[in-house]
Structure formats: structure tokens, C-alpha cells
Amino acid sequence: MFEDCFGQDSKSKAPRERKLGLRQNDLTELIRAWVRMSEAEQNDFKEKYGHIADLLLVHVDKNILKETFEFWDPSYCCFSFQNIYLTPTLEEYSVLMGFELKHLMKVYVRQNSFKPWIDKLSKILRVRTEDIEGYVKMNLGKACLTMDFLLRFIREHLNEDVEKISLALAINGLVLFPMFMGYVDSEVVHFFERVQKGSINPIPSVLAETIRYLNFYGHNMNESLAGCAQLLVIWLKGHLVETKKYFDLSRKEPPVQHFCEAWV
């Protein structure tokens, strides 16, 4: 796609034969919470948060990730297959996530918040901060919320609006930005609060985080990959595998659902 951007003498600095480990949370209870919702509740969820719940049902094909990972070139932020260069785009991720590609200037920027993340979380979930503090743990110097808190919260608030909110937060922290296994990074709470208010477009952050990790592990040859593996698998198979009759980004129907149906 970007052949003209590279000179004939340009050489990829991407290291070869890298190992890739995949950190995956157990999403079983989140899937149960999603499938037991009525069609009306699911449609209401998608209206606000896009198709992120469909990602719960995506099987992460570790083989395609391991086979293609060595072709990621951090020098140019793309997959380099001989004379073919591919990289995920905002347009493609907007279709996959079910968000309109608008307000792209409303990008989330990490900053020191004057309001503690626990206070924001208590307001989002409508609980006391004291009810949250017992489920806060430190990971590598970062405050995190245990997955158990959100799972318990979802079970205790079935068929309530706050159930959908807590499910969306859990998907953001455990699927879109899985920093620590079994925990939701406190930074995700700041991010999710902005999503709730509609003050940011989440697509650039999700895509940027994936590319950032691909670059980081490309340079450091680490054995782990964070970022949303589900979206990356769909994107890779949509481009590299003959799946046009099953999966087409130009279709009006949700492509993640078609992907799940085609790759059961």
C-alpha cells in the first residue's frame, strides 16, 4: 500500500524470529452477562458503546499473530510483506468498533487529573468510594481495580442501567486495554469517564495503543503483547486470508459478528 513511500535501498530494521506471548483475560462471566441481556438492552448498549461487546466472542488466533508478528516493522509502523506494506487505519477500526469516524480531534490525552480515579469510578457506578478501596491493588507502581469487583458488581445489578456501564468498563479494561491480567488499570477509568461523557472519540486511542505495543515489542523483542488482540486478529484475517465472502469492511452489517460466524 505504501510502496512509493520507501526507497529501493531502504531496509527494514524489524528483528526476525521474535517470540510472542499473548496475555488473555478469562472473559467467561462477561460473555454470560452479555448474552443474558435482552435484544433491546444489547441494542441500547451498542448505541452508546459501539460493537465492543461483540469482541468478547472473538477467538484470538494465536497462530496468525505469531506468524505475522515478525513482519511488523517498527521503523515504519506497518507490516512489511516483501513489497506490500499494511497497517491498520482509523477508518477500519471505526467500522470494527461500530463508532462513527467523527470528532477525531477529541482524542484522549493522559494527564494528571485533579480528581482521583476512585472518585470518578464511584460516580460512574454510583457507589461509595469505601466500597471500592478494598478492591484496589498496585501493579508495577500503578493502581488497578480487580476484575472480581466488576464481575461481582455486574452480578448484583442485573437488568439495571449500571450493569451495562460496568460491563462496558470491564470490556475497556480487560479487552481493549488489557494492561494487567485480572485488573483494570486506573488510567482506563479516566479514559472511560471521558467516553461516558462523549467528550472523546475512543478509536484513535485503541489503535494508537495497539501500534505502540507493536512498536515497543518490535524493538525490545519482549514475549508479551498488550493492546486489543481481538481487533488485530480480525484486521489481519480480513486482509491476509481469503474471507471476502464472510468478512468485508464495506458491509453495513457489524463485521465482528460476521467474523465470529465465519470463524467458529
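Residues numbered from 1 in each chain as written. Predicted model: local features only at pLDDT ≥ 70, side-chain atom pairs only at ≥ 80, totals over all residues. Heavy atoms only, no water.

(A) The arrangement of the side chain of Glu163 in detail. Inspection of the secondary structure assignment puts Glu163 in helix H8 (residues 161–176). When sequence neighbours within four positions are dropped, the list of residues in contact with Glu163 reads Ala33, Arg36, Met37, Ile154, His157 and Leu158. (Helix = DSSP H or I, 4+ residues; strand = E, 2+ residues; numbered from the N terminus. Contact = heavy atoms within 4.5 Å.)

(B) Here's a closer look at the nonpolar core. Ranked by internal contacts, the top residues of the largest apolar core, which has 73 residues, are Leu30, Phe45, Leu55, Tyr93, Leu125, Leu176 and Leu231. Looking at which element gives the most residues to this core, the answer is H8, with 10 residues. Every residue in contact with Leu30, bar those within four places of it in the chain, is listed here: Leu56, Leu151, Ile154, Leu167, Ala170 and Leu174. (Core = buried A, V, L, I, M, F, W, Y, C linked by side-chain atoms within 4.5 Å. Buried < 20%, exposed > 50% of the residue type's maximum accessible area, 1.4 Å probe, protein only.)

(C) Structural context of the pairing of strand S3 (residues 78–81). Residues Cys78 and Ser80 of S3 are buried on one face, and the alternating residues Phe79 and Phe81, pointing to the opposite face, are buried as well. Once strand S2 (residues 72–73) ends, the chain turns through four residues before running back antiparallel as S3, passing Cys77 with a positive phi of about 55°. In this structure, S3 lies alongside strand S4 (residues 84–86), joined through three bridges in antiparallel fashion. For Ser80, the partnering residue across the bridge sits in S4 and is Tyr85. Hairpin connection of S3 to S4: two residues between the antiparallel strands, including Gln82 at a positive phi of 55°. (Pairing = 2+ DSSP bridges.)

(D) Structural context of the sheet that holds strand S5 (residues 136–139). Taking strand neighbours across the sheet as the criterion, the three strands line up as S5-S6-S7 in an open arrangement whose pairing is antiparallel. If you trace the sheet from one side to the other, it starts and ends with S5 and strand S7 (183–185), each paired once. Averaged over all adjacent pairs, the angle separating strand axes in this sheet is 45°, with direction ignored. Taken together, the three bridges between strand S6 (residues 142–146) and S7 define a ladder with antiparallel strand orientation. Directly across from Cys144, in S7, lies its bridge partner Asp185. (Axes fitted to C-alpha atoms, helices over the stretch in contact; angles between N-to-C directions.)

(E) Main features of the sheet that holds S2. Sheet architecture is open: three strands sit in the order S2-S3-S4, paired in antiparallel fashion. Edge positions in the sheet fall to S2 and S4, since each of these pairs with one other strand and no more.

(F) Structural view of the layout of surface pockets. Taken as a whole, the largest pocket encloses approximately 350 Å³ of empty space. Taken together, 15 residues make up the lining of the largest pocket; nearest its centre are Glu47, Lys48, Phe99, Glu100 and Lys102. Looking at the lining of the largest pocket, its residues break down into four nonpolar, five polar and six charged. As for the second largest pocket, its lining consists of Tyr108, Arg110, Phe177, Met179, Asp185, Glu187, Val188, Phe191, Ser205, Ala208, Glu209 and Arg212. Top contributing element to the lining of the second largest pocket by residue count: helix H10 (residues 203–220), with four residues. Across the lining of the second largest pocket, the residue classes tally to six nonpolar, one polar and five charged. (1 Å grid on protein atoms, 1.4 Å probe; cavity = no way out; pocket = protein on both sides within 12 Å on 5 of 7 lines; lining within 4 Å. Points joined across faces, edges and corners; volume = space filled by probe spheres on them. Nonpolar A, V, L, I, M, F, W, Y, C, P; charged D, E, K, R; others polar.)

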